[in-house]
Amino acid sequence: MPSKSTGQRRRPAQERAKATREHILDTAAALFGDRGIANTSTNRIAAEAGVSIGTVYRYFSDRGVIVEELLRRLLETIEQRFTQQVFGLSDRTTLEMITGILEVLAEELAAQARLVRALVEGVQFYSSGIPEFEPRLRLLVKVMVIQILGPGDDHEYDVMTFVLINTCFAAVVRSAALEVDSEARREAIQMTARMVTAWTDSERKSVA
């Protein structure tokens, strides 16, 4: 991932400048979703946003930085919603907690399905912001595991966290695809939640 000192311009302090920056990002997100990243130039983004190309470059040094910023924004939103669910559902059953988490993540990705597809197709995994996001996600999932199972073997919980992330996020991303309707998405989320709950219930018994 390019360092912010070489790629991303200094963030604007004034509200109008911040609004312009967000407007450019929103415009780019819509264009990337409709046309793909490779087929969307910074000139096209500027034209659609109704600003000069110089204004675009004032905030973003190139198209790659815009992609990085959109990915960062998406991941931060997912992280915030995940955090709200983990710390807001502690008084619910495991099934309710898992279902709530998967539903809000799928909802977020489905709302931005075209952009998500463009990012998946156009961004190389290890040149993106995902590696920086992963450690925070692992921590959140591990907190959830501890909430469900109580204190236990740290290494075993790390392995469980890895499995849960791969299983649940694969289900969420696939269920949020453009071709999946809301009913099929709901069924996929509920089945995934039941499978995870059955597994964690089994692990809870072994820990006890």
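Cut-offs used in this document
Residues numbered from 1 in each chain as written. Predicted model: local features only at pLDDT ≥ 70, side-chain atom pairs only at ≥ 80, totals over all residues. Heavy atoms only, no water. Core = buried A, V, L, I, M, F, W, Y, C linked by side-chain atoms within 4.5 Å. Buried < 20%, exposed > 50% of the residue type's maximum accessible area, 1.4 Å probe, protein only. Helix = DSSP H or I, 4+ residues; strand = E, 2+ residues; numbered from the N terminus. Contact = heavy atoms within 4.5 Å. Axes fitted to C-alpha atoms, helices over the stretch in contact; angles between N-to-C directions. Parallel < 35°, antiparallel > 145°, perpendicular 65-115°, else oblique. Left-handed = near helix turned anticlockwise from the far one by under 90°. Nonpolar A, V, L, I, M, F, W, Y, C, P; charged D, E, K, R; others polar.

### Considerations on the nonpolar core
- By size, the foremost hydrophobic cluster in this structure holds 53 residues, and its most contacted members are Phe-32, Ile-66, Leu-70, Phe-82, Leu-105, Val-141 and Met-144.
- Top element by residues in this core is helix α4 (residues 63-88). It accounts for 10 residues.
- Setting aside its immediate chain neighbours within four residues, Phe-82 contacts Ile-101, Leu-105, Leu-137, Leu-140 and Val-141.

### Side note on the environment of Val-180
- Tracing the chain through its elements places Val-180 in the loop between α8 (154-175) and α9 (182-207).
- Along the backbone, Val-180 and Ala-110 are 70 residues apart, and their C-alpha atoms lie at a distance of 9.1 Å.
- Residues in contact with Val-180, not counting those within four places in the same chain, are Arg-174, Ser-175 and Arg-185.

### Notes on the packing of helix α5 (residues 94-111) against α8
- At a minimum axis separation of 8 Å, α5 and α8 run at an interaxial angle of 40°. Viewed along their axes, α5 and α8 adopt a mutual orientation that is oblique. In this structure, the crossing between α5 and α8 has a hand that is right-handed. Residue-level inspection shows Leu-102, Leu-105, Ala-106 and Leu-109 of α5 in contact with α8, the latter providing Cys-168, Phe-169, Val-172, Val-173 and Ser-175.
- Split into classes, the residues belonging to the contact of α5 with α8 amount to 8 nonpolar, 1 polar and no charged.

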